[in-house]
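Here is what each chain is made of, one letter per residue.
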Amino acid sequence: MKDDYRLILLLSTAAFLVCSAAAGTGLFHPLDVLILDLAQGIDSEVLDAVGLVTSVVGGVEFVAVATVALAAGLLLDGKGRLALRLIAALMVTGLIELAAKTVVPQPPVPEDGMRAPDPSLFDVSTPYPYPSGHMLRSVILLGAAYLLWPSKPGRVALLIFLAAAATSRVYLGTHWPSDVIGGALLGIAGLAWAFDKQSAEKQSAISTQPSAKDS
């Protein structure tokens, strides 16, 4: 993946805004209901367990602790600015999430469609469910791990986990599919913003290094 994340930031932000408008006007609702009904027709103890694990990982408590640990590791590695930008990305996108959940009139999933309550202790009550905060936080946290971890098997495992997290949100009946898409897009935008600045600094540092001719 290239070091320049500016295009990803612009595209994901634009896609999030379009998705938000579509969700708010009800364009996604017929498809949301269809997919949720299909998911409700599946009953699996394995999926129940996967849903619980992904719910915990995407919860505020886990993400807060994991982000602090990741930031500490980045600080020790001399990447303090990236650590601060990741924390800022989580905070700012979290505020955008809460704002969207008060203004985007996406109807909540019916209570009888929920398989299990959210295990998070810091679940804030909002009038609307769009976008999915669990998906947002999972994308930023696990996306950062993906970009910083050179192991190909490890990266594949992270992508599989993110796909499972997205699927489980719908399977558990906590969110519509469009909520999950919106959360993922907002998370990608926040992640791209954090890493775009880091890339710019790397390019600046390279350009200011003296060349062989100058030495």
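Starting from 1, residues in each chain are numbered consecutively following that chain's sequence as written. Only residues with pLDDT of at least 70 are given local features in this predicted model, and only at 80 or more are side-chain atom pairs given and counted; all residues enter the totals for whole chains, interfaces and linings. Water and hydrogen atoms were dropped before computing side-chain values, which therefore reflect all heavy atoms in the structure.

**Section: the environment of F161**
Put simply, the rule is: Secondary structure elements are defined from DSSP: runs of H or I of at least 4 residues count as helices, runs of E of at least 2 residues count as strands, and each element is numbered from the N terminus. When accessible area is computed with a 1.4 Å probe and restricted to protein chains, residues below 20% of their type maximum are described as buried, those above 50% as exposed, and intermediate ones as partly exposed. Note on definitions: a residue-residue contact is assigned when non-hydrogen atoms from the two residues lie within 4.5 Å.
Assignment of secondary structure puts F161 in helix α7 (residues 152-171). Under the relative-accessibility criterion, F161 is labelled partly exposed at 24%. Leaving out residues up to four positions away in the same chain, F161 has contacts with V53, T54, V57 and L142.

**Details of the environment of S168**
We count it as follows: The term polar contact refers here to a pair of N or O atoms within 3.5 Å; inside protein, the definition further demands a hydrogen-donor-capable atom paired with an acceptor-capable atom, and it admits residues adjacent in sequence only when both atoms are side-chain atoms.
By the element assignment, S168 lies in helix α7. In this structure the C-alpha to C-alpha distance between S168 and V50, which are 118 residues apart in sequence, comes to 7.2 Å. Contacts of S168, omitting those with residues within four sequence positions, involve G51 and T54. Within polar-contact distance, the side chain of S168 engages the backbone oxygen of A165 at 2.9 Å.

**Section: the packing of helix α5 (residues 80-103) against helix α6 (residues 133-148)**
The condition that has to hold: Orientation is described by axes fitted as lines to C-alpha atoms, over the contacting stretch for helices, and by angles from 0 to 180 degrees between their N-to-C directions. Under this scheme an angle from 65 to 115 degrees is roughly perpendicular, one under 35 degrees roughly parallel, and one over 145 degrees roughly antiparallel; angles in between are oblique. Crossings are assigned a handedness: left-handed for a near helix turned anticlockwise from the far helix by less than a right angle, right-handed for a clockwise turn. We call Asp, Glu, Lys and Arg charged. Ala, Val, Leu, Ile, Met, Phe, Trp, Tyr, Cys and Pro are nonpolar, and the rest, Gly among them, are polar.
Their axes nearest at 10 Å, the elements α5 and α6 cross at an angle of 160°. Taken as axis vectors, α5 and α6 run roughly antiparallel relative to one another. The way α5 lies across α6 gives a crossing that is right-handed. Listed contacts from α6 to L82, L86, A89, L90, T93, G94, E97 and K101 of α5 are G133, L136, R137, I140, A144 and L148. The class makeup of the residues in the contact of α5 with α6 is 8 nonpolar, 3 polar and 3 charged.

**A look at the nonpolar core**
Using the following cut-off: Side-chain atoms within 4.5 Å link the members of a nonpolar core, which is a set of buried Ala, Val, Leu, Ile, Met, Phe, Trp, Tyr and Cys residues.
By size, the foremost hydrophobic cluster in this structure holds 15 residues, and its most contacted members are L86, L191 and F195. Elements with a contribution of two residues or more to this core: α4 (60-76), α5, α6 and α8 (177-208). With 5 residues, the single largest contributor to this core is α8. For L191, the residues in contact, after removing those within four places along its chain, are L86, V139, I140, G143, A144 and L147. Of all hydrophobic cores here, the second largest spans 14 residues; its members include V109, A166, W176 and A184.

**With respect to the side chain of R85**
As a reminder of what qualifies: Under this rule, positive means Lys or Arg and negative means Asp or Glu; His and the chain ends count for nothing. Salt bridges are counted wherever a side-chain nitrogen of Lys or Arg sits within 4 Å of a carboxyl oxygen of Asp or Glu.
Residue position: R85 is located in helix α5. Despite its burial, R85 pairs with no opposite charge; the closest candidate is D196, at 5.8 Å N-O. Within the local environment of R85, its side chain forms a polar contact with the backbone oxygen of W193, the two atoms lying 3.0 Å apart.

**Let's talk about the confidence of the model for the chain**
To keep it simple, the criterion reads: The quantity known as pLDDT measures the predictor's confidence residue by residue, on a range of 0 to 100.
Mean pLDDT over the chain: 88, with 88% of residues reaching 70 or higher. Note that residues 202-209 has pLDDT below 50 and, in this model, 2 contacts with residues that lie over four places away or in other chains.

**Overview of the packing of aromatic side chains**
For the record, the criterion: Stacked, tilted and edge-to-face pairs are distinguished by plane angle, under 30 degrees for stacked and over 60 for edge-to-face with tilted covering the rest, among Phe, Tyr and Trp rings (Trp via its six-membered ring) whose centres lie within 6.5 Å. Only lysine NZ and arginine CZ atoms are considered, and such an atom sits over a ring when it is within 6 Å of the ring centre and within 35 degrees of the ring normal.
In total, this model carries 2 aromatic pairs according to the counting rule given. For the ring pair F16 and Y130, a centre distance of 6.1 Å and an interplane angle of 15° mean the geometry is stacked. With F16 in helix α1 (residues 6-24) and Y130 in the loop between α5 and α6, this pair connects stretches of sequence that are 114 residues apart. Of the residues examined, F16 reaches a relative accessible area of 7% and is grouped as buried. The residue whose ring lies beneath R85 is W193, and the NZ or CZ to ring-centre distance is 3.5 Å.

**Digging into the pattern of salt bridges**
In total, this model carries 4 salt bridges according to the counting rule given. Here D196 and R6 are joined by a salt bridge, their closest N and O atoms 2.6 Å apart. Taken together, the residues span a long stretch of sequence, with D196 in helix α8 and R6 in helix α1 at a distance of 190 residues. Note on R6: relative accessible area 43%, which makes it partly exposed. For E97, the salt bridge goes to K101, with nearest N and O atoms at 2.8 Å. One end of the pair, E97, and the other, K101, are both in helix α5, 4 residues apart, so they sit about a helical turn from each other.

**Some points on the packing of α6 against α7**
Where α6 meets α7, the axes come as close as 10 Å, and the angle between the chain directions of the two elements is 175°. Regarding the angle of α6 to α7, the classification is roughly antiparallel. Between α6 and α7, the contacting residues are H134, M135, S138, V139, L142, A145, Y146 and L147 on the first element and R155, L158, L159, F161, L162, A165, A166 and R169 on the second. Residue classes in the contact of α6 with α7 are distributed as 12 nonpolar, 2 polar and 2 charged.

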